[in-house]
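Fold and contact review
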Amino acid sequence: MTITITAFERSPDGGKGLARDTRVRWALEEAGQPYAVRLVSFQAMKQPAHLALHPFGQIPTYEEDGLALFETGAIVLHIAERHAGLLPDADPARARAIAWMFAALNTVEPPILELVTAKILEGDKPWAAERLPLVLERIRTRVGQLSTRLGEADWLDGAFSAGDLMMVSVLLRLRPSGVLDEFPNLAAYVARGEARPAYRRAYAAQAAVAAGQRAAAGGAGA
Ligand code: GTB
């Protein structure tokens with residue numbers, strides 16, 4: 001059984017671990033599953049071969065024994081359901097951990113992605129400066145609710161689960177804005193996730209891709 005995922009050939013974040021292959025790598029590392037990575041360029045992502053795997057022409061994808069999956073929620077859930085370490089064994093704790101995965105993707109991630117849109121894609125629009133505070137307010141509201149629920153606990157619902165993996169992955173995207181640090185318990189929660197050996201291996205693997213690209217570019221220019 002060989003698992004192959006796809007990742008950016010050149011991640012726009014230069015290896016900071018913010019692209020979504022990192023959460024899939026992290027889940028595979030937590031589950032102790034070896035995997036191969038096929039790097040794809042932005043052009044290749046829009047070609048028929050990749051579109052057959054991912055209808056929206058994005059990364060990551062996941063292939064295993066004739067199964068092809070897209071969407072990080074589906075991929076991480078697939079891994080978590082088949083290997084120990086990412087979900088409690090039985091309901092109701094198992095169902096609640098899955099609920100946290102959905103909460104991360106459907107409730108917490110959308111306002112955070114709006115910030116990326118507002119700053120990067122719409123930053124040059126005449127109304128951008130007026131819109132930004134509204135976007136930030138929505139994030140603070142949502143993340144504040146999460147902060148209240150987490151309180152002083154280490155993880156969202158008992159032991160670390162795929163729900164935490166997804167939530168930490170989503171919150172990481174908020175760090176560059178400084179908003180994460182406004183909620184010290186969430187900043188500590190994210191740091192706990194990043195300190196896990198499995199996360200460190202996942203981060204190092206994706207960072208190595210960017211470092212390799214930089215080395216190749218340096219070599220080409222030398
Ligand atoms: N809902 C899908 C999922 O969860 O799998 C979303 C997948 C997705 O958005 N993939 C992005 C992609 O392939 C990469 S992760 N984009 C190319 C395209 O749509 O053409 C998003 C991302 C990109 C860059 C950074 N960064 O530079 O920090 C972070 C995250």
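Computed from a predicted structure; not experimentally measured.

Brief notes about the overall build of the protein
- Tallying secondary structure elements over the protein gives nine helices and four strands in all.
- In the protein, the succession of helices and strands from N to C terminus is β-α-β-α-α-β-β-α-α-α-α-α-α.
- The C-alpha radius of gyration of the protein comes to 18 Å, within 12% of the 17 Å expected for a compact globule of 222 residues.
- Seen along its three principal axes, the alpha-carbon backbone of the protein occupies a region of about 50 × 45 × 35 Å.
- Going through the 222 residues of the protein one by one, you find that 46% of them count as buried.

Quick look at the domain arrangement of the protein
- Segmentation of the protein into domains returns domain 1 (3-86 + 198-221) and domain 2 (93-196).
- The C-alpha-based centres of domain 1 and domain 2 are spaced at 21 Å.
- Each side of the interface is counted separately: domain 1 has 17 residues, and domain 2 has 20 residues.
- Both faces combined, the contact of domain 1 with domain 2 buries some 1,600 Å², and carbon together with sulfur accounts for 62% of it.

Notes on the pairing of strand β2 (residues 36-40)
- In the sheet, strand β1 (residues 3-8) pairs with β2 via five bridges, with the strands oriented parallel. Along β2, the bridge assignment pairs T4 with A36.
- Viewed along the sheet, the connection from β1 through helix α1 (residues 21-30) into β2 turns out right-handed.

Let's talk about helix α6 (residues 128-150)
- Its 23 residues give α6 an end-to-end C-alpha distance of 32 Å, which sits within 8% of 33 Å, the value for a rise of 1.5 Å per residue.
- Considered for burial, the residues of α6 that qualify are A128, V135, L136, I139, V143, G144, L146, S147 and L150.
- Close packing links the buried residues of α6 with α5 (93-121), α7 (162-172) and α8 (184-195).

Points about the nonpolar core
- Ranked by internal contacts, the top residues of the largest apolar core, which has 55 residues, are I79, M167, L171, L186 and Y189.
- The set of elements that each furnish at least two residues to this core consists of β1, α1, α4 (72-82), α5, α6, α7, α8 and α9 (197-221).
- The biggest single contributor to this core is α5, with ten residues.
- Split by domain, this core shows at least three residues from each of two domains, domain 1 (3-86 + 198-221) and domain 2 (93-196).
- The residues touching M167, leaving out its near neighbours within four places in the chain, are W100, A103, A104, V108, L146, L156 and Y189.

Some points on the pattern of salt bridges
- As enumerated under the stated definition, the model contains 13 salt bridges in all.
- When the shortest N-O distance is used, the salt bridge between E194 and R175 registers 2.5 Å. Taken as a pair, E194 in helix α8 and R175 in the loop between α7 and α8 lie far apart in primary sequence, 19 residues in all.

Topic: the site of the ligand
- With respect to spatial proximity, 15 residues lie near the ligand, and among them R20, K46, I59, E71 and T72 are the closest.
- Note that an oxygen atom of the ligand is positioned 2.8 Å from one of the side-chain N or O atoms of R20.
- Here an oxygen atom of the ligand and a side-chain polar atom of Q58 are 3.1 Å apart.
- If the ligand stood free it would expose 680 Å²; the protein chains cover 79% of that surface.
- The residue inventory of the shell around the ligand, partitioned by class, reads eight nonpolar, two polar and five charged.

Quick notes on the pairing of β1
- Of all six residues that make up β1, six are buried, and the element is covered over most of its length.
- In this structure, β1 lies alongside strand β3 (residues 61-64), joined through three bridges in antiparallel fashion. In the sheet register, I3 faces β3, and the bridge partner there is E64.

Conventions we followed
Residues numbered from 1 in each chain as written. Predicted model: local features only at pLDDT ≥ 70, side-chain atom pairs only at ≥ 80, totals over all residues. Heavy atoms only, no water. Helix = DSSP H or I, 4+ residues; strand = E, 2+ residues; numbered from the N terminus. Rg over C-alpha atoms; globule rule 2.2 N^0.38 Å. Buried < 20%, exposed > 50% of the residue type's maximum accessible area, 1.4 Å probe, protein only. Domains from an automatic or database assignment. Contact = heavy atoms within 4.5 Å. Buried area = accessible area lost by both parts, 1.4 Å probe. Pairing = 2+ DSSP bridges. Right-handed = clockwise from strand over helix to strand, strands pointing away. Expected span 1.5 Å × (residues − 1). Core = buried A, V, L, I, M, F, W, Y, C linked by side-chain atoms within 4.5 Å. Salt bridge = Lys/Arg side-chain N within 4 Å of Asp/Glu carboxyl O. Near = heavy atom within 4 Å. Polar contact = N/O pair within 3.5 Å; in protein donor to acceptor, adjacent residues only side chain to side chain. Areas by Shrake-Rupley, 256 points an atom, 1.4 Å probe, with all protein chains shown as cover. Nonpolar A, V, L, I, M, F, W, Y, C, P; charged D, E, K, R; others polar.

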